[in-house]
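Architecture and fold: a report
One-letter residues, chain by chain:
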Amino acid sequence: MAVAVTAMVALAFLIPLAVAVKEIAESRALADAERQAATIVPALVVTDDAAALERALASTPVGTSRLAVHLSGGRTVGRSRVTAADVAGAAESARTVPVRKGYVLLRPVALGGGRRAVIEVYAPEADARKGVSTSWAVLTGVAVTLVVGSVVVADRLGARVVRAARRLGQAAAALGAGDLTVRIVPDGPPELVAAGRAFNTMADQVEGLLAAERELAADLSHRLRTPLTALRLNLGGTGPEAEQRRLAIDRLEQAVDEIIEAARRPSRAVPAGCDAALVLRERLAFWSALAEDQARPWQLVGADEPSPVPVAAADLGAVVDALLGNVFRHTPQGTAFRVTLHRGSGMVGILVADAGPGIPDPEKALRRGNSGAGSTGLGLDIARRLAESTGGGVRIEPSALGGTGVNLWLHTDGRAADPRRRLLRRTRARGSRH
């Protein structure tokens, strides 16, 4: 922009100045020719003898090569470069005639006895352009200097704004990536300084809110230990059912410990990956006992080979438990279910299908707190958030068994979903539901 604006301003002054310099040089050459013509006038007043006039012309600084005198009767002394018509046209007033490689000044002179003569002075083009090239070069240099100087000044002024805006953008990206310690030193124009201070205030509030949330989650988890301990002490009896209850309590205590650990884990910590096939085998082994008690046929398909996914085993296990828990909670006893593990290019899919009555409104079920049937809807919400953390998603559709099929897709190619993309996806999803 600085180049364009300064160049236009420079050209607006440079072009008229260049034309003026050329006209001044031409005027200077013609004025010199006028002086040369004036030197011959005294000789013309004294005599009109051709020999005497030729000697007078030769005595001038330019000689007969540039001077000529046109006398009455068509006589010409010296070398002429114009036609008789040009001479006749200059009999009453001086005029300038352009000729090859220059100009000719024709000046009439009134002599005694009614006689008239015309003095011809030749001005070469070199004299008319003397100094023009140098002047144009100087003007061009001045214009280039102005343009370069304006660019340097504009760059220095703009760099301050750009640096401040870039630092603010980098800090915002770092905060969005989970670095709650990032802060900036407000700099730049007043608007960016105000934006920087607002960013620091927002980061402080976010850090404080997350810290309070972690402490609250940890505190609530600690409070759960007391009733769990009492439940374990009151649990008695032997046999398979008692053993299942003890295993359920162990699982619940493990989940509480994981909640405490996750609540106090820094937000930037990246969970390690796990083998989805191994997690599915372990969780289906856990649920198989209850399935046998309720006479539920079940299948695990595709979990024979390792299937690494970029999520923690505990998180994936919690999602599988939530999806299977929905099957046991919302379908009658004896309803079959099947868990299928799909492996694709850069993606792993887990399909939990049942032969139950199905879900009337799958879109509503995916919204937190809207699953119905007395459920909080947290299971599907947890599954959705886990899938979106890898760039994947969750879809509910009719299953091949006749009931509901929940498809959980996890990206394995490192395309962890950016928080802004997740927010955009959720916004679009909400818009499509309304």
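Structure: above.
First, a word on what this report is: a plain description of the structure on this page. Along each chain, the written sequence defines residue order, and numbers are assigned to residues from 1. It should be noted that, the model being predicted, local features are given only for residues of pLDDT at least 70 and side-chain atom pairs only at 80 or more, the latter also being counted only at that level, while totals for whole chains, interfaces and linings use all residues. In computing side-chain values, all of the structure's heavy atoms are included and hydrogens and water are not.

1. Observations concerning the overall build of the chain
Elements are defined by DSSP. Helices are runs of H or I of four residues or more, strands are runs of E of two residues or more, and each kind is numbered from the N terminus. Within the chain, the secondary structure is distributed over 13 helices and 12 strands. Between buried and exposed lies partly exposed: a residue is buried under 20% and exposed over 50% of the maximum accessible area for its type, with that area taken using a 1.4 Å probe on protein chains only. Taken over 434 residues, the chain has a buried fraction of 33%. At a minimum sequence separation of 6, the contacts of the chain that also span at least 24 residues come to 61%. Areas reported as accessible are Shrake-Rupley estimates using a 1.4 Å probe. Residue values count occlusion only from the protein chains shown. Carbon and sulfur atoms form 60% of the exposed surface of the chain, whose accessible area is close to 24,700 Å². Note on definitions: a residue-residue contact is assigned when non-hydrogen atoms from the two residues lie within 4.5 Å.

2. Side note on the sheet that holds strand 12 (residues 404-411)
At least two DSSP bridges between two strands are needed for those strands to be called paired. Ordered by their spatial adjacency, five strands build an open sheet running 7-9-10-12-11, and the pairing between neighbours is mixed. Pairing within the sheet leaves two strands with one partner each, and these edge strands are strand 7 (298-301) and strand 11 (393-398). Along the sheet, successive strands turn relative to each other by an average axial angle of 15 degrees, direction set aside. Bridge analysis of strand 11 against strand 12 gives six bridges, and the strand direction is antiparallel. By the bridge assignment for strand 12, Val394 is matched with Leu408. Only the stretch in contact is used when fitting a helix axis, every axis being a line fitted to C-alpha atoms; angles between N-to-C directions are given from 0 to 180 degrees. Strands strand 7, strand 9 (337-344) and strand 10 (347-354) of the sheet are contacted by helix 9 (residues 276-293), whose axis makes an angle of about 180 degrees with strand 9. The strands touched by helix 10 (residues 313-330) within the sheet are strand 9, strand 10 and strand 12, with strand 10 carrying the most contacts at an inclination of about 20 degrees.

3. With respect to the packing of helix 9 against helix 10
Viewed as axis vectors pointing N to C, helix 9 and helix 10 meet at an angle of 35 degrees, and their least axial separation amounts to 10 Å. The handedness of the crossing between helix 9 and helix 10 is right-handed. Here Ala276, Val279, Leu280, Arg283, Leu284, Trp287, Leu290 and Ala291 of helix 9 come into contact with helix 10, specifically with Ala313, Leu316, Gly317, Val320, Asp321, Leu324, Gly325 and Phe328. In a left-handed crossing the near helix is turned counterclockwise from the far helix by less than a right angle, and in a right-handed crossing that turn is clockwise.

4. Things to note about the nonpolar core
Note on terminology: a nonpolar core comprises buried Ala, Val, Leu, Ile, Met, Phe, Trp, Tyr and Cys residues joined through side-chain atoms within 4.5 Å. By size, the foremost hydrophobic cluster in this structure holds 33 residues, and its most contacted members are Leu316 and Leu408. Sorting the residues of this core by element identifies helix 9, helix 10, strand 9, strand 10, helix 12 (378-389), strand 11 and strand 12 as the ones contributing at least two each. Leave out the neighbours within four places in its chain, and Leu316 touches Cys274, Ala276, Val279, Val309, Val311, Ile350, Leu386, Leu408 and Leu410. In this structure, Leu67, Val69, Val77 and Val121 belong to the second largest nonpolar core, which totals 19 residues.

5. As for unusual backbone geometry
One non-glycine residue, Lys101, lies in positive phi territory at about 65 degrees. Residue position: Lys101 is located in the loop between strand 3 (95-99) and strand 4 (102-110). Of note, the phi angle at Ala295 is positive, near 55 degrees, even though the residue is not glycine. Position of Ala295 relative to the elements: it lies in the loop between helix 9 and strand 7.

6. Some thoughts on the packing of helix 1 (residues 2-38) against helix 6 (residues 132-176)
Between two packed helices, both the angle of their axes relative to each other and the distance between the axes serve to describe the pair. At a minimum axis separation of 9 Å, helix 1 and helix 6 run at an interaxial angle of 165 degrees. One finds that helix 1 runs roughly antiparallel with respect to helix 6. Between helix 1 and helix 6 lies a crossing whose hand is right-handed. Between helix 1 and helix 6, the residues in contact are Ala2, Val3, Thr6, Ala7, Ala10, Leu14, Leu17, Ala18, Val21, Lys22 and Ala25 and Val132, Ser135, Trp136, Leu139, Thr140, Ala143, Leu146, Val147, Ser150, Val151 and Ala154, respectively. Note on angle classes: values under 35 degrees are labelled roughly parallel, values over 145 roughly antiparallel, values of 65 to 115 roughly perpendicular, and the remainder oblique.

7. What to know about the packing of aromatic side chains
Stacked, edge-to-face and tilted are the three classes for Phe, Tyr and Trp ring pairs, Trp counted by its six-membered ring, which pair at centre distances within 6.5 Å; planes under 30 degrees apart are stacked, over 60 edge-to-face, the rest tilted. Counted under the stated rule, the structure contains three aromatic pairs. Note on Phe286 and Trp287: the rings are 5.8 Å apart at their centroids and 90 degrees apart in plane angle, and the pair reads as edge-to-face. Taken together, the ring pairs connect Phe286, Trp287, Phe328 and Phe337 into an aromatic cluster.

8. Topic: helix 1
Between the first and last C-alpha of helix 1 there are 53 Å, a value that for 37 residues agrees with the 54 Å anticipated at 1.5 Å per step. Every buried residue of helix 1 is listed here: Thr6, Ala10, Leu14, Ala18, Ala25, Ala29, Ala33, Gln36 and Ala37. Looking at the buried residues of helix 1, the elements they touch are helix 2 (41-46), strand 1 (67-70), strand 4, strand 5 (116-124), helix 5 (125-128) and helix 6. Between the first and last residue of a helix there are one fewer steps than residues, each counted as 1.5 Å, and that sum is the expected span.

9. Description of a nonpolar patch on the surface
To count toward a patch, a residue needs a relative accessible area above 30% and no salt bridge. Like charges then connect within 9 Å, nonpolar side chains (Val, Leu, Ile, Met, Phe, Trp, Tyr) within 5 Å. Salt bridge, as applied in this entry: a Lys or Arg side-chain nitrogen positioned within 4 Å of an Asp or Glu carboxyl oxygen. Together, Met1, Val5, Met8, Val9, Phe13 and Leu17 make up an exposed nonpolar region whose accessible area comes to about 690 Å². Position of Met8 relative to the elements: it lies in helix 1. Given a relative accessible area of 56%, Met8 falls into the exposed group.

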